[in-house]
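Chain and residue survey
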Amino acid sequence: MGSQRRTVVAVLLVLAALAAGPLAACTVVDEPAAADWDHSAERALSDMASEVGSARLALDTARRERLWPPYALVLVTEAEEAAGTVEEDLSRLQVPPQREQQAEQVLDLLAVAVTTVSEARSRAVEGRYDDPALLDRMERLASRLTGEAGRYASG
Amino acid sequence: MKRYFAVLLGVLTAIGGFVDIGDLVTNAQVGARFGWSLVWIVVLGVVGICVFAEMSGRIAAVSHRATFDLVRERLGPRMGLLNLVGSMLVTLLTFIAEIGGVALALQLVSSVHHVLLVPFVAVAVWIVLWRAKFSSIENVLGLLGLTLIGFAVALWQLGPDWSEMVATLSPAEKPAGESWATYAFFGVALFGAAMTPYEVFFFSSGGVEERWTSKDIGVMRANVFIGFPLGGVLSVAIAGCAAVVFLPQGIVVESLGQVGLPVAVALGKIGLAVVVLGFFAATFGAACETGLSVGYSLAQYVGFQWGKFVRPTEAAGFHVVLLVVTVLAAGVLLTGVDPIMVTEVSVVFSAIALPLTYFPILVVANDPDYLGEHSNGWFANALGIFYLVVITVVSLAAIPLMVVTSMGQG
Amino acid sequence: MTAARGSRPSYDAALHLLDRQVVDSDGRLVAKVDDVELVRADDGRLLVTGILSGLPALLPRFGPRAGSLAARVHREIRWAAADQEQPLVIGFDLVDEVTSEVRLSCSAEGLLERAQGGRWRLGTLLGTPVHGPGVHRSARVLDARVRGRLGGPGDHVVEALVVGPGRPGALLGYDRRSEPGPWLVGSFVRWLHRHAVVVDLGAGVELDLEAGEVRITGDASVRPLLG
């Protein structure tokens, strides 16, 4: 009994150590606040690019009569909700002093994106998909968001 | 002639029934983020589910014992109970995800919010579980699920550069923006989605429901070895469509609507309608399968009468369990939790729970007391042992990866 | 269907009987073999007399600590009932056949009755420490070897104990076959149980379940399980 229990305890300790290794490696490294913020900004920008892209694709597919209206509306509504969450999550983060300027730029860009996706949704509600200017704007916005995200990825 | 028809029907329903909400969502997510570089995991998972489904089907045919009978007989009441609790939680989670998936599929047609649809879906599922014949559930929903072939057609229409696709099949083609940890995490999720434990609970209990005997082993093998891999092809097609349409644009898949979008792009409204019907059939079928599986596992552990091969009054306890889990699942979904998130969690927890299910099956599949001349040959054992190692590694790696990548977001 | 074990002269109670599904003559699922009832006959033989079922039989098998706690809680829930501690029993003479299931010779409708108190259970015997020469120092009872023909006339007598370090059930059936399954799992389990022995009940073996131990003296017949 005694020896068996000791074995069990030893095995558990080894497993715990194995599991704790990678975890410790992640938490021990003390990330400076700026790098932390850069990481969140990159995530927010690329997520927003994804939402804008998704809404644009839905609208464009509907414009080419390949998507029925409720489906397009569901997609664009989901993109709008997710875009709002992305903006909110980043704006709630505390900005490190050395990133104040960038933060303003990023949040502005995200706000533009949220407005654009909302615009796309109101088009979907009205059923007016044929707006090449909006689609164009969304495409450029998505690539700009991706480009900005790339800037913070290296940091 | 009748026999050929039975084989054909079995294979077709196996294909149509293979994909569920976990496969739909995970494959599309992986395709959108990792392109073709994780397809090898689907192949690994499909071969694995074939190996163990064949074993459990053989045990069910020869000895009339389903999976949880074996778990209790081989692991004893204590380990068996831990196993039961773990497996039932995972299956319940999958059940919740499937019901949510049905509601999401209906939302795409009606644009009524999915939470409002949940009560109707739950009632429909329960009525089917209570009244419908086992074979009609399997055949009707399985055949309707075949409409997911739309994804394969869409992929062909989208016309990716096939030679380039072949070149990006290797893990080394992981997109540079993704870390190896997220790659591994999605690998685990994809493996969990392909090998979901409920599939063997359902498959083996279904064998007992349909009163298989050792004469049916051939038909069962045809279902498994033809149907499951072709079902796996559908999984790969879903990932492929996402890889072609979403990956270049950096779009991440977060909803069931996005999963079907590439089909709309490629085939238009009719193709999309066919595939959305497939969403409905696949998730509704899987909701029935997972709901039944929860009842099967509890009844097989405790020993009371289960199954749809007897009248509901004769298996009253079993039907009470089905009612309770359906109400529970509807309750969880009515809190407004995102079914896609439940799906993501369920496939990871499936991966964690894999050894609980597959180890006892491998042991009993070798036992001449149960199987007589039909016990495992060396090839099944070699594959079984290989997968036991893979499953154990996947199961141990799942939680650390989940923490490190914060559910694949990092 | 697997080869009927009915014709075999002996079986291992924990491996072949415990936790199996009980099915009645109409094919309806009745219960699990949650435990096996044992009775000490006047001549000192240990007889298998019934299949026990229900929570009072199952809960104590969850191990010495968790099991007794669960059993106590279950008793307290209906503390006023005299039979709350007693499981349901099916007489062993009604067992027709034991294959991958335990098949009864009659319909189970209204068949299960409360067991009588004061009898032994296989679940209590399993896991009991065994002390004496020839066995490992942390040996326990792992299984009970029973002589008797299922479905035939005659008593079912426990004639030997499988004894060794480890946990009952952990053998997974790997000790009793010439061609054990996946080689890796099989050899690992057999390695775990390399100290297991078979002890014949009779001279030199004292079952003291009240004190919770089995004592063996030099007279006892002890032979290795594997090899």
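Small disclaimer: the values here were computed from a predicted structure and weren't measured.

**With respect to the overall build of chain C**
Within chain C one finds 5 helices and 17 strands. Counting only residues that meet the buried cut, chain C has 41% of its 227 residues in that class. At a minimum sequence separation of 6, the contacts of chain C that also span at least 24 residues come to 62%.

**Let's talk about the interface of chain B and chain C**
One frequent convention defines the size of an interface as the accessible area lost when the parts assemble. Taken together, the contact pairs 29 residues of chain B with 23 residues of chain C. Among the secondary structure elements, those contributing two or more residues to the side of chain B that touches chain C are α3 (39-63), α4 (67-110), α14 (339-364), α15 (368-371) and α16 (378-404) of chain B. Take the side of chain B that touches chain C: its biggest share by element is 7 residues, from α4 of chain B. For the side of chain B that touches chain C, the per-class residue count stands at 11 nonpolar, 10 polar and 8 charged.

**Some words on the sheet that holds strand β2 (residues 21-23) of chain C**
All names here are of chain C. The mixed open sheet is built from 4 strands, whose spatial order is β3-β2-β8-β7. Both edges of this open sheet fall to β3 (29-32) and β7 (95-98), since each of them pairs with a single strand only. Geometrically, the sheet is characterised by an average inter-axis angle of 25° between neighbouring strands, direction not taken into account. Bridge analysis of β2 against strand β8 (residues 101-104) gives 3 bridges, and the strand direction is parallel. Considered in β8, the bridge of V23 is made with R103.

**A closer look at the interface of chain A and chain B**
Each side of the interface is counted separately: chain A has 24 residues, and chain B has 22 residues. Elements supplying a minimum of two residues to the side of chain A that touches chain B: α1 (2-28), α2 (33-63) and α3 (69-92) of chain A. Considering only residue class, the side of chain A that touches chain B consists of 15 nonpolar, 6 polar and 3 charged.

**Digging into the confidence of the model for chain A**
Low pLDDT means the predicted coordinates in that region are not meant to be read closely. Confidence in the prediction for chain A averages 84 pLDDT; 78% of positions are at 70 or higher. Counted against residues more than four places away or in other chains, residues 24-30 of chain A, with its pLDDT under 50, gives 1 contact.

**Considering the environment of R194 of chain C**
All names here are of chain C. Looking at the secondary structure, you find R194 in the loop between α5 (183-192) and β14 (197-200). When the 13 C-beta atoms within 10 Å are taken as the criterion, R194 is described as partly exposed. The spatial distance from the C-alpha of R194 to the C-alpha of P165 is 9.0 Å, given a sequence separation of 29 residues.

**Things to note about the environment of P368 of chain B**
Mapped onto the elements, P368 of chain B comes out in helix α15. It is 48 Å that separates the C-alpha atoms of P368 of chain B and S255 of chain B, two residues lying 113 residues apart in sequence.

**Some thoughts on the sheet that holds strand β15 (residues 205-208) of chain C**
Residues and elements named next belong to chain C. Pairing in this open sheet of 3 strands is mixed, and the strands run β11-β16-β15 from one edge to the other. In this open sheet, the two edge strands, each paired with only one partner strand, are β11 (130-131) and β15. The sheet contact formed by β11 and strand β16 (residues 213-216) spans 2 bridges and is parallel. Each residue of the ladder has a partner; that of H131, found in β16, is R215.

**Some thoughts on helix α10 (residues 198-209) of chain B**
The end-to-end C-alpha distance of α10 of chain B is 16 Å, a good match for the 16 Å that 12 residues give at a rise of 1.5 Å each. Counting buried positions over the 12 residues of α10 of chain B gives 12, a clear majority of the element.

**A few points about the pairing of strand β12 (residues 140-147) of chain C**
All names here are of chain C. Most of β12 is tucked away: 7 of the 8 residues are buried. Looking at chain direction, strand β1 (residues 10-12) and β12 are connected through 3 bridges and run antiparallel. Opposite Y11, over in β12, you have V146 as the bridge partner.

Rules and cut-offs
Residues numbered from 1 in each chain as written. Chains lettered and ligands numbered in written order. Predicted model: local features only at pLDDT ≥ 70, side-chain atom pairs only at ≥ 80, totals over all residues. Helix = DSSP H or I, 4+ residues; strand = E, 2+ residues; numbered from the N terminus. Buried ≥ 20, exposed ≤ 12 C-beta atoms within 10 Å, placed from the backbone. Contact = placed C-beta atoms within 7 Å. Nonpolar A, V, L, I, M, F, W, Y, C, P; charged D, E, K, R; others polar. Pairing = 2+ DSSP bridges. Axes fitted to C-alpha atoms, helices over the stretch in contact; angles between N-to-C directions. pLDDT = per-residue confidence, 0-100. Expected span 1.5 Å × (residues − 1).

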